Amino acid sequence: MTTTVTAPGNPIGDPMDLVARTRRHTTLQETVSQTLSMAWRATKKMRRNPEQFFDVTLQPILFTAMFAYIFGGAISGDVQSYLPLMIPGILAQTVLTTCMATGVQLREDMDKGVFDRFKSLPMARIAPLAGPMVADLLRYAIAAILTFTVGILIGYRPDGGAVGVLAAILLAVVTGWSLAWAFTWVGTIARSAQSVQGISMMILFPLTFLSNAFVPVDSLPGWLAAFVKVNPVSHLVSAARDLANRGAVSDQVWLTLLACAVVIAVFAPLSVRSYKRHL
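Given the structure is predicted, the values throughout are model-derived calculations rather than measurements.

A few points about the overall build of the protein
No. 1: The helix and strand tally for the protein stands at eleven helices and zero strands.
No. 2: Ordered by position in the sequence, the α and β elements of the protein form the string α-α-α-α-α-α-α-α-α-α-α.
No. 3: Across the 279 residues that make up the protein, the buried fraction comes to 45%.

Structure, rendered in structure tokens:
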């Protein structure tokens, strides 16, 4: 025989009491706290798997050096003249290709059943998605800083000064974080991590190379120049050049931030909705 002791006036099984103690939604403060907890989890995972930093450490060094010495003479006559054009382009390429890993890692966690453990937890559904993306801000910052560091070592001298360079890095990081929501959505609908990577590369690489990142727009055919001018990556590159090379906050900066807001507004809800269908 089992005896259960209950507090007076609070019998077990009282439906009204259960309803009173149950909330259907988490508060904003709880959502932020849970997101930061998931970000800390992702950061610990990075520390235990240092290979996750290979792309943000090796890629900026290799691409900056190769593009400068291979294409500098052909496009601008010499390496020094090419660097103000190329470094902001490499910055955009490096940060944007880095954010592809967000969707790949998400898909791998879903395939391993990691997200199945979150089903019974009283947490906001956006926290498991936004948490790793907050942690990835560290990877974007490393990639951006290394790009400018290598550029300065080979002769790049940004006239925008330290403030202009920091502003360009911050803009690139914000853009990478916003675009990561699109790859997060791809990670929730794709069937494997390999397919996420393949789809992401098919989307991002044409946008990156069919932009003004590495060549002047006026050197392109008319039909291609028309596409390059409306390419969102071109707006990011132009904004980064204005900030780093001239220290100017041009219209390209505001267009880039507007594009970031649109991407987040579209793909963040889609990612959460698609993620909830897997729970």
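Describing helix 8 (residues 193-209)
No. 1: For helix 8, spanning 17 residues, the distance from its first C-alpha to its last is 24 Å, which sits close to the expected 24 Å at 1.5 Å a residue.
No. 2: At Met201, helix 8 is bent by approximately 25°, the largest bend along its length.
No. 3: Along helix 8, the positions that sit buried rather than exposed are Ala193, Val196, Ser200, Leu204 and Thr208.
No. 4: Its buried side turned inward, helix 8 meets helix 4 (79-98), helix 5 (100-111), helix 7 (161-189) and helix 10 (232-246).

A word on the nonpolar core
Note that soluble globular proteins tend to have their nonpolar side chains buried in a common cluster.
No. 1: If you look at the biggest cluster of nonpolar residues, it comprises 48 residues, and the most contacted ones within it are Leu83, Met86, Leu91, Phe148, Ala168 and Phe214.
No. 2: Every element with two or more residues in this core is listed here: helix 3 (54-76), helix 4, helix 5, helix 6 (127-153), helix 7, helix 10 and helix 11 (251-277).
No. 3: For this core, the leading source of residues is helix 4, giving eleven residues.
No. 4: Those residues in contact with Leu91, other than ones at most four positions away along the chain, are Ala144, Thr147, Phe148, Ala168, Ala172 and Ala240.

What about the confidence of the model for the protein?
No. 1: Overall, the predicted model of the protein reaches an average pLDDT of 82, with 87% of residues at or above 70.
No. 2: Here residues 1-7 is a poorly scored stretch, pLDDT under 50, and it has two contacts once near neighbours within four places are set aside; other chains count.
No. 3: Note that residues 14-22 has pLDDT below 50 and, in this model, one contact with residues that lie over four places away or in other chains.

Here we look at the packing of aromatic side chains
No. 1: Considering all chains together, one arrives at eight aromatic pairs under this definition.
No. 2: Where Phe205 meets Phe209, the ring centres are 5.9 Å apart and the plane angle is 25°; that geometry is what we call stacked. Of the two residues, Phe205 and Phe209 are both situated in helix 8; the distance of four residues between them amounts to about one turn of the helix.
No. 3: The exposure class of Phe205 is partly exposed, given its relative accessible area of 29%.
No. 4: Each residue in the set Phe63, Phe67, Phe71, Phe205, Phe209 and Phe214 is aromatic and connected to the rest through ring pairs, giving one cluster.

Some details on the environment of Ala130
No. 1: When you line up the elements, Ala130 lands in helix 6.
No. 2: Classification of Ala130 by relative accessible area gives buried; the value is 8%.
No. 3: Sequence spacing of Ala130 and Val272 is 142 residues, and the spatial spacing of their C-alpha atoms is 9.6 Å.

Comments concerning helix 2 (residues 28-48)
The periodicity of an α-helix, 3.6 residues per turn, causes residues three or four positions apart to be oriented the same way.
No. 1: Here helix 2 contains 21 residues, and its C-alpha end-to-end distance of 31 Å stays within 8% of the 30 Å for a straight helix at 1.5 Å per residue.
No. 2: Those residues of helix 2 lying buried are Thr31, Gln34, Thr35, Met38, Ala39, Ala42, Thr43 and Met46.
No. 3: Where helix 2 is buried, its residues contact helix 6.

Quick look at the side chain of Gln59
No. 1: Relative to the helices and strands, Gln59 resides in helix 3.
No. 2: Classification of Gln59 as buried rests on a relative accessible area of 18%.
No. 3: Those residues in contact with Gln59 that lie beyond four places of it in its chain are Phe54, Thr64, Gln93, Thr94 and Thr97.

Cut-offs used in this document
Residues numbered from 1 in each chain as written. Predicted model: local features only at pLDDT ≥ 70, side-chain atom pairs only at ≥ 80, totals over all residues. Heavy atoms only, no water. Helix = DSSP H or I, 4+ residues; strand = E, 2+ residues; numbered from the N terminus. Buried < 20%, exposed > 50% of the residue type's maximum accessible area, 1.4 Å probe, protein only. Expected span 1.5 Å × (residues − 1). Bend = angle between axes of the 7 residues up to and from the residue. Contact = heavy atoms within 4.5 Å. Core = buried A, V, L, I, M, F, W, Y, C linked by side-chain atoms within 4.5 Å. pLDDT = per-residue confidence, 0-100. Phe/Tyr/Trp six-rings, centres within 6.5 Å; stacked < 30°, edge-to-face > 60°.

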